[in-house]
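# Close look at the chain arrangement
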Amino acid sequence: MSNQTNESNIISEKLKKVEELKEAGIEPYGRKYEKINNIEEVNQYDETSDKVFKTAGRIVAFRRMGKNGFGHIQDPTGKLQYYVKKDEVGEEQYEIYKKLGLGDFIGIEGTLFRTQTGELTLRAKSFEVLSKNIRPLPEKFHGLTNVETRYRQRYVDLVMNSEVMDTMKKRFQIVRFFRKYLEEKGFTEVETPMMHPIAGGATARPFTTHHNALDMELFLRVAPELYLKRLLVGGFEKVFEINRSFRNEGISIKHNPEFTMMELYQAYADYVDMMNITEDLISKLTFELHGTYEIEYEGKKINMESPWRRVKMKDIVKEVTGFDFDTVTSDEDAVTKAKELQIPLEKDRTYTKYGILNLIFEEKVESTLINPTFIIEYPKEISPLSKNKKGETDWVDRFELFISGREFANAYSELNDPRDQKERFEEQVKMKEAGDDEAQNMDLDYIRALEYGMPPAGGLGIGIDRLVMLMTNSASIRDVILFPTLRKEDIEL
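Residues numbered from 1 in each chain as written. Predicted model: local features only at pLDDT ≥ 70, side-chain atom pairs only at ≥ 80, totals over all residues. Heavy atoms only, no water.

## Brief notes about the packing of helix α7 (residues 162-184) against helix α9 (residues 271-290)
Running from N to C, α7 and α9 point in directions that differ by 135 degrees, and their axes come no closer than 11 Å. Looking at the two axes, α7 sits oblique to α9. Considering the relative orientation of α7 and α9, their crossing is right-handed. In this structure, α7 contributes K170, Q173, I174, F177, F178 and Y181 to the contact, and α9 contributes I277, D280, L281, K284, L285, E288 and L289. Taken together, the residues of the contact of α7 with α9 break down into eight nonpolar, one polar and four charged. (Axes fitted to C-alpha atoms, helices over the stretch in contact; angles between N-to-C directions. Helix = DSSP H or I, 4+ residues; strand = E, 2+ residues; numbered from the N terminus. Parallel < 35°, antiparallel > 145°, perpendicular 65-115°, else oblique. Left-handed = near helix turned anticlockwise from the far one by under 90°. Contact = heavy atoms within 4.5 Å. Nonpolar A, V, L, I, M, F, W, Y, C, P; charged D, E, K, R; others polar.)

## A short note on the sheet that holds strand β10 (residues 238-246)
Taken together, eight strands build an open sheet; the order of strands is β6-β10-β11-β18-β17-β16-β15-β14 and the sheet is mixed. Looking along the sheet, the strands with just one partner apiece sit at the ends: β6 (188-189) and β14 (309-312). Two strands pair when backbone bridges link them, and strand β15 (residues 373-379) and strand β16 (residues 395-403) are joined in this way by six bridges, in the antiparallel orientation. Bridge pairing links Y378 to V396 in β16. Where helix α12 (residues 353-365) meets the sheet, its contacts fall on β15 and β16, and the angle it forms with β15 comes to roughly 160 degrees. (Pairing = 2+ DSSP bridges.)

## Quick notes on the UniProt feature "binding site: Mg(2+) 1" (unreviewed entry) in the chain
Here the UniProt feature "binding site: Mg(2+) 1" (unreviewed entry) sits at E400 and E407. Following the sequence through the fold, E400 ends up in strand β16. Accessibility expressed as a relative area gives 9% for E400, which makes it buried. Apart from residues no more than four positions distant in its own chain, E400 is found in contact with T373, F374, I375, Y378, E407, A409 and N410. Engagement of the side chain of E400 in a polar contact is seen with the side chain of Y378, the distance being 3.0 Å. Looking at the element boundaries, E407 is found in strand β17 (residues 406-413). Assessed through its relative accessible area of 29%, E407 is described here as partly exposed. Those residues within four positions of E407 in sequence are excluded, and the remaining contacts are E400, L401, F402 and R466. (UniProt positions renumbered as here; feature names shortened; annotations may be inferred. Buried < 20%, exposed > 50% of the residue type's maximum accessible area, 1.4 Å probe, protein only. Polar contact = N/O pair within 3.5 Å; in protein donor to acceptor, adjacent residues only side chain to side chain.)

Structure representation (structure tokens):
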């Protein structure tokens, strides 16, 4: 018998039980139930307690032997064995119990005892049918193991794989920690638009949509940056936002088109202040979650204790590859040296020496940065919103944080000169017209805002999803997002 046929037969049997419950005057899909105790709370007691508990959850193990029934119910806090005895709940209720099974939700009221095998068990004095399950859960011993199915049917994945629930709880704990930390530092949490008339704030390809009433094209935001900095113009001095951004780019174990970022901006600060905040925030978060600064990710031991290394991009490139940027005489010379290092280059693309430096860093250096490392002083041409390094025309005060070979944060001293900003936007527009669909657009309203005056400021963005991956030792970004983006599925019920 095929799996599909077997599943169809099980569904038919379960639907039959639904009808039998209705005939017995029982609602298969019940109403409000007063759940007084969660399962974690019940498990904190022992068999000596005479307390009466009232809990509820999903049946994840079900056994019936004549006049007795054992099983396990599960809620987000844990799992608990229960015991139903015909002589104690009555014949009528026991007949109802016989129509239950794996996947059903029930409410149980009773007291605790310990079985001969020593397992703490809730002895049911009464129970209530809360919701019947129709589609069978995966087999107990094999579980839900197909990765694609797990991501598509996260609702089943959460039931069958407790570590998934643990990961998601850890994710929300991380977000709470961020909020608490920043609020204690005097930052105000704000909300800015998700739909932008002009895509900006990051070098990325946006999603587009159309607003019918206004008959205008809108973009899902690639970053909240330009709106948050408008708030500095308006008088806010410390702001942050934790919310979604969207980039119409490829999907990989490191990228999901819809992702969560934390961005903050602080008036009268610079990128060094942002480094200090980043280091303090993430190292303290590590200790909060693990009780140690030593963590493991993908088989590598990582020391998250501060202080973290800070090194210029061109210096780390020289250290790892031998490529000495200070000896480069021209763009052509840089291209020649990149080819010697076997850096993949596009035939029809024009490269500058600064672009080559960044490519060499990405191709040869990033993967070597295991312990937390701040890469500082980026080329101006790839940093259109950053303030120049003092006394320099080609370098900016910017850093990116790398851990285990991946970028986790990006920050810089914010450019607040409206004329300089306009010129950089104009360069981005030229790049876009030349075919770079990730280049930023001209945002004249943002220029106008800067003309009213924005104080010197530092800005920081941290990818929440990647940080959760690191803190939970998860290999793929899909493992830490409840409902990751997937190809459309054809469903037959």
